[in-house]
Each structure stands twice: as structure tokens, then as C-alpha cells.
Amino acid sequence: MKPSLTHPAILAEGQTKSAPHDQNGDRRDGTDWLLEPSLAEPAAPPPPVKILLVDDQEPNLRLLQAVLADLGQPLVCARSGEEALRRLLEEEFALVLLDVAMPGLDGIEVARRLREQAAAHLTPVIFITGHAGDTDFVVRGYEAGGVDYLIKPVRPEVLRAKVKVFLQLARARQHLKREIIERRRAEAALQELNAGLEQRVAVRTADLRAANQALGEARLASLNVMQEAIDARQLVEQTNAALRESEERVTALLDSAAEGFLGLDASGGCTFINRSALRLLGYERPEELLGRQLHPLIHHHRPDGTEYPAEQCKVLRSIQHEIGCHEDGELFWRKDGSCFPVEYWSYPVQRAGRTAGTVVTFVDIAERKRGEERLRASLREKETLLREVHHRVKNNLQVISSLVSLQADGLADAGLQALFQEVCHRVRSMALVHEKLYQSVDLARVNFGDYARELMDYLVRSHGTAARVTWRIEADPVPLDIEKATPCGLILNELATNALKHAFRGRDRGEIAVELRHGSDGEVRLRLADDGVGLPPGLDWRRAGSLGLRLVQLLAGQLNGKVETGVGPGTEFRVSFPAEKNQTE
């Protein structure tokens, strides 16, 4: 179980002494006895600072191990939520890197159950997830007890930076715990010394009363008692000096940290501040902040410029609700009135069964924010370039289509002209994909429902059948990337072209129906049906010599899909394929 930071310089005034014990040796303040080792034995060396990596995918675990290997800390792997929960109850970890999407117990459920366990409920959890921009997930993650989350793919430098912060905090807690144990041992030695001194004084007093007749012996006994008292006083002074040295070592440890450390009492008053915090906040001496309310000094306005009421301050609310919090992007204000963005963590400190205050750790993230803005600007430039690429590809394909059409107009053979026109339609169907991409907000996917409507309108008009062939389309908003949209568009082009050319021969009117559905199983289903003459009896369309039908089969294979035909009247083709790439591709 990860101990709380209870250094006397961080807690409120009057809470630096250890709690008394009853006759059975149990602590009267209800503190866990397992945190206080036997005072008669030397303190054991602190356990190693371990990190638990949880992911059901072995490659992900190996990747995390490779990124964190140079930190030099033991890395323990768990391949399921159940195994992670068991290890957390059996061992102590400084940090848990927890994947969210796992079979069985997912990451959110593991974190929630972990917070219900007294032995490990303070272990910090960082979620690793692919749910980018999912606000609901972020809220559920923090409600389950997570302190941070990272989006896959994880940047190694960001992961190492965050892990280093928690490793430093874990080491600080270990050092603080050992210093507290040493202090308790010294206090116990002092109590034993005082008890022995009282007993010896009583014995010497009795000796003096019994030796009143022998003045010489009485003087000698008195001198002996005085010498022992002097020795006892010197021992007390040495013990107090050792305690002061212990406190100074803990303070020096916190002062050496790169992060700012602030100790607050239950009312929000400052009880401790390390050197890094003074430097970041622009103060020179701790006395400028000690004993003062910190919220109106360093946390009084939000990034949007509005006032930040104290009753809404997340640091103060973490004290009131006795639960830790983590924030990224709020502002801290310096002494000179300037401000800087911070990432901070607030950890309430328990003392004698109640919250005595909190420890706030914070870092300046101004440089990180500037880097993020540079990345966003670079992304906007790349989006502009990608739109221009799609636009130029569309224009080039239209030029090719126009050239083929001009070449067809110069042919005397009507059959060759028809073949060239089919090539134009195919090129146009591919150009329409790029046209939709550069018009779309999402440059990676096409709304295939809108695409299908435009393609059908173009094909009906280009075949000159708009007056006698009606068409209707029922389409879900199915998003497809370019690798799926292009072959699917060509399939729709071939099926619709076949229907317009052959289905309504000898008829004045006809109808073509197109349906596009996104099934709950993740498959896309495309259906094209006409009320025409239908396929010739006994025709095996899969072995037909038609280039269009062969293309339909080849393109369906590229989509890892299948093609089926329906039973008349008319002709019906059904194409189904997975919307996303297979994991084995």
C-alpha cells in the first residue's frame, strides 16, 4: 500500500507528533499498524520501486518495456485485468500503466475495483487507450481513480516523462516513510530513557533517605544522581538534534526535486513550499507564502480570464472530498502578476482518521503547450497539402476522362465508342472519390452514401436514360477510407452501368434501387436491384465473359467481401465487406 506523505513540515501545525498506543500496542488513532515496524528492530531497506504494465497484447507489453527499460526500474507485466488486480493486492507498485480495452475485466473496471481495496487504493493509475477525444471516457477514467491517460500510439518521451514524475514521487514517499520510522524509533528510545530515569531517580531518592545518617554516602549518592541526570539531559539533546537532522534531510530531499511541492492544511493555508515551487512562482523566501491562503495568491483566475472562485477550486475540493485530483492546463500566477500553464496533482494527507491537508505537486508546461501548438500548425499545413493532392488527383483523372471521351468521339466503330465510354465512367467514379475527400472535413474517409447519390445521378445522365429510368437510393452515412471507397465505387459503377445498358431493352420505363447499410456486425452491405428483364436463364454470371462482372468479383476480393445475386424478377446484386481492415492484413 502506497503511504501518504506526512512530513511534519507539510502538515498543519500541531500534527507532527506520533499517535499514542494503547496497552496492546495498537495505535489509538486508527492508523494501519502495518505501516509502523517494530521499534526494537532496525528499519528494513525500502522495497524497489516497481511499475506494473497491463495489456492483453504481448507486442504492446514489449513496446512499453522497451520504452521504460532505460529508467532502471523493475517492470512487471500483467496480460489481463484479473492478473493485474491479483498482483496489485500482493505487491506494492509505484505506478500502473493500464490498457483500457481488454477482454474480461477492462481497464476501467480494474481501476474501480482497485480503489475499493484498502491495500492498493492509492496506487496511481495511468490509462493507455485508443479513444482519442472521448470526453465520456476521460470522465469515467477519473471517476474510477485514474490520475492520467495517454492516447495510442504513445509518444515514448511523453510516457517516460510522466513515469519519471511518479517514480520521483514514490522515492520521495519511501524516503519520507523511512525518516518517519526513524523518528518514531528515536521517540520510543526517549520514552524508554525517561522511564528508566524516573525509576533510577526514585531508587536514588530512597537510598538518600536510608542514608541520612551517613552524610558522606548521601553526598556521593547525590553526586551520582546528578551525573546521571546530566547524562540523561545530554542524551535528550542528542535525540532532539537527530530528529531535527531527520527533518532537514526530508526537506532537502523535497527541495532537490524539479517539481514544485506545496503543503496545504485543511483550510488551504500554506504549510510547506520547496525551492522549485518558489522559483516557479517567482518568490524568494518561503516566509512570503507560509501561513497564507494560496488560492487567492496563485490560482485566482482561469485560462479564459474569468475569476476562479475558491469554492470551485479542485485543490480545495480534493481536501473536502478526501480524493486526489489531477489537472492539466490550468494557470498558476506568479508574484509579479504573470501566469503560466501547469499540470498539477493534489494528494490529500490523512492524519488520525481525518484529512489534515493535501500535498500539491506541479510542473510548468508552457514549453509543452508551445510544442503542441506547433504540432497543430504543422497538422493544419499537412491537411491543406493533402486537400490539394486530392484536388489535383481529381483534376488529373477528369483530364484523363475527357481525353478518353474525345478519343471515343473520333471513332467510327460504335462498339469501340461504348468501350471508351465505360472507361470514362470508371475513371469518373475514381475521381469522384478524391473530390469527396478534399471536400470532406475528415480527409481520411468518404461518406459513401453521398458519394453513391452523385455517382448514380452522373451515370443515369451520361447514359441518356434520365427520362425513362428512375432511381432511388437509401443509404446510411457509411464512412469509408480511400482504400475501401475506390473499389466499392467501381463496383457500384459496374453494376449500375450493366443495369442501364441491358436491364430495360425494349421497355419505355424502368427503376433501379440502391441500398447501402452499415450492419451492427461491422460489415457494409451494398444492394443494387432493377425491375428489368433479369439475367438470361441458366447464365452463370461468375463465369461470364463480361469485363464488368469480372471486375465486380476482383474488386470484391480486394475488399475481403463477397458477391451474391437475388431471385427475380429483375436483377439483384448484393455485396458485403468489412468496413475496417482485417488485423491480419
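These notes cover the structure that comes with them. Counting starts from 1 at the beginning of each chain's written sequence and moves along it residue by residue. Selection of residues for local features in this predicted model requires a pLDDT of at least 70, selection of side-chain atom pairs for listing and counting requires 80 or more, and totals for whole chains, interfaces and linings are taken over all residues. Side-chain numbers here rest on the full set of heavy atoms in the structure, without hydrogens or water.

A short note on the overall build of the protein
The secondary structure content of the protein amounts to 14 helices and 17 strands. Here a residue-residue contact requires only that any non-hydrogen atoms of the pair lie within 4.5 Å. In the protein, the proportion of contacts linking residues at least 24 apart, taken out of those at least 6 apart, comes to 62%. Here the protein displays about 30900 Å² of accessible surface, and carbon together with sulfur accounts for 53% of that area. Labels follow the DSSP assignment, with helices taken as runs of H or I lasting at least four residues and strands as runs of E lasting at least two, numbered in each case from the N terminus. Here the Shrake-Rupley method, with its probe set to 1.4 Å, supplies the accessible areas, and only the displayed protein chains count as covering residues.

Examining the sheet that holds strand β17 (residues 571–578)
Two strands are counted as paired when DSSP detects at least two bridges linking them. Taken in spatial order, the five strands line up as β12-β14-β15-β17-β16 in an open sheet, and their pairing is mixed. Strands with a single pairing partner mark the edges of an open sheet, and in this sheet they are β12 (469–475) and β16 (562–565). Each strand axis lies, on average, 10° off the axis of its neighbour in the sheet, ignoring direction. Bridge count for β16 against β17 is four bridges, and the pairing is antiparallel. For Thr565, the partnering residue across the bridge sits in β17 and is Phe573. Think of each axis as a best-fit line through the C-alpha atoms, taken over the contacting stretch in the case of a helix, with angles from 0 to 180 degrees between the N-to-C directions. Helix-sheet contacts for helix α12 (residues 448–462) involve β12 and β14 (510–518), and the interaxial angle to β12 is about 175°. Sheet strands in contact with helix α13 (residues 482–503) are β12, β14, β15 (523–530) and β17, and its direction is about 10° off that of β15.

Notes on empty space enclosed by the protein
Grid points spaced at 1 Å and placed over the protein atoms alone form the basis of the search, with a cavity being a set where a 1.4 Å probe fits but cannot get out and a pocket an open set showing protein on both sides within 12 Å along at least five of seven lines. Lining residues have an atom within 4 Å of a point. Grid points are joined across faces, edges and corners, and a volume is the space filled by probe spheres set on the points. As enumerated under the stated definition, the model contains two cavities of 30 Å³ or more in all. Every residue along the wall of the second largest cavity is listed here: Leu262, Leu264, Gly268, Leu294, His295, Ile298, His299, Cys313, Val315, Leu316, Phe332 and Val360. Of all the secondary-structure elements, those providing two or more residues to the lining of the second largest cavity are β6 (260–265), α8 (295–298) and α9 (314–321). Charged means Asp, Glu, Lys or Arg here, nonpolar means Ala, Val, Leu, Ile, Met, Phe, Trp, Tyr, Cys or Pro, and polar covers whatever is left, Gly included. When grouped by side-chain class, the residues that make up the lining of the second largest cavity number nine nonpolar, three polar and no charged.

Remarks on the environment of Gln174
Here Gln174 shows up in helix α5 (residues 156–210). Gln174 gets classed as buried once you look at its relative accessible area, which sits at 16%. It is 9.0 Å that separates the C-alpha atoms of Gln174 and Val49, two residues lying 125 residues apart in sequence. When a residue's accessible area, from a 1.4 Å probe over protein chains only, is under 20% of the maximum for its type it is buried; when over 50% it is exposed; and in between it is partly exposed.

Quick word on a nonpolar patch on the surface
Together, Val399, Leu403 and Leu406 give the surface a local cluster of nonpolar side chains, amounting to about 300 Å² of exposed area. Inspection of the secondary structure puts Val399 in helix α10 (residues 366–409). Two joining distances apply to patches: 9 Å for like charges and 5 Å for nonpolar side chains (Val, Leu, Ile, Met, Phe, Trp, Tyr), and every residue must have over 30% relative accessible area and no salt bridge. The rule for a salt bridge is simple: a side-chain nitrogen of Lys or Arg has to be within 4 Å of a carboxyl oxygen of Asp or Glu.

Section: the nonpolar core
For soluble globular proteins, nonpolar side chains are generally found buried alongside one another. We define the nonpolar core as a collection of buried residues of types Ala, Val, Leu, Ile, Met, Phe, Trp, Tyr and Cys that are connected through side-chain atoms lying within 4.5 Å of one another. In terms of nonpolar packing, the biggest core is built from 42 residues, with Leu480, Ile491, Leu492, Ile512, Val514, Leu526 and Leu528 touching the most fellow members. Of all the elements in the fold, those that place two or more residues in this core are α12, β12, α13, β14, β15, α14 (547–558) and β17. Here this core gets ten residues from one element, more than from any other, and that element is α13. Setting aside anything within four residues of it in sequence, one finds Leu526 in contact with Cys488, Ile491, Leu492, Val514, Glu515, Leu516, Phe573, Arg574 and Val575. Within the second largest apolar cluster, 33 residues are counted, among which are Leu61, Leu71, Leu167 and Trp345.

Regarding the pattern of salt bridges
In the structure shown here, the tally under the stated rule is 35 salt bridges. A salt bridge links Lys152 to Asp99; the nearest nitrogen and oxygen atoms lie 3.0 Å apart. One end of the pair, Lys152, is in the loop between β5 (148–151) and α5; the other, Asp99, is in strand β3 (residues 95–99), and 53 residues separate them in sequence. For Asp99, a relative accessible area of 3% gives the class buried. Close ionic contact of Arg527 with Glu515 constitutes a salt bridge, the shortest N to O distance being 3.5 Å. Here Arg527 is found in strand β15, whereas its partner Glu515 is found in strand β14, with twelve residues between them in sequence. You can call Arg527 partly exposed: its relative accessible area is 25%. Owing to a relative accessible area of 23%, Glu515 belongs among the partly exposed residues under this scheme. A single network of salt bridges, built from pairs that share partners, joins Asp148, Lys162, Asp328, Glu343, Arg368 and Glu372.

Here's the deal with the packing of aromatic side chains
For Phe, Tyr and Trp, where Trp contributes only its six-membered ring, two rings pair if their centres lie within 6.5 Å, and the inter-plane angle classes them as stacked under 30 degrees, edge-to-face over 60, or tilted in between. For the coordinates displayed, the defined rule picks out four aromatic pairs. Each ring, one from Phe332 and one from Phe362, has its centre 5.1 Å from the other, and the planes form 65°; the classification is edge-to-face. Here Phe362 lies in strand β10 (residues 354–364) and Phe332 lies in strand β8 (residues 325–333), a separation of 30 residues in the sequence. Residue classification places Phe332 among the buried residues on the basis of a relative accessible area of 2%. Given a relative accessible area of 0%, Phe362 falls into the buried group. Ring pairs connect the aromatic residues Phe332, Tyr344 and Phe362, which therefore count as one cluster. Note that Lys50 overlies the ring of Phe93, its terminal NZ or CZ placed 5.2 Å from the centroid. Directly above the ring of Tyr308 sits Arg302, whose terminal nitrogen or CZ lies 4.5 Å from the centroid. Only lysine NZ and arginine CZ atoms are considered, and such an atom sits over a ring when it is within 6 Å of the ring centre and within 35 degrees of the ring normal.

Quick notes on the environment of Arg517
Relative to the helices and strands, Arg517 is located in strand β14. Among the residues examined, Arg517 registers a relative accessible area of 31% and is labelled partly exposed. In sequence terms Arg517 and Arg527 are ten residues apart; their C-alpha atoms lie 8.7 Å from each other. Those residues in contact with Arg517 that sit more than four places away from it in its chain are Glu474, Ala475, Asp476, Val478, Glu523, Val524 and Arg525. Two N or O atoms count as a polar contact when they lie within 3.5 Å, although within protein this holds only if one can serve as hydrogen donor and the other as acceptor, and sequence-adjacent residues are included solely when both atoms are side-chain atoms. At 3.1 Å, the side chain of Arg517 and the side chain of Asp476 are in polar contact.

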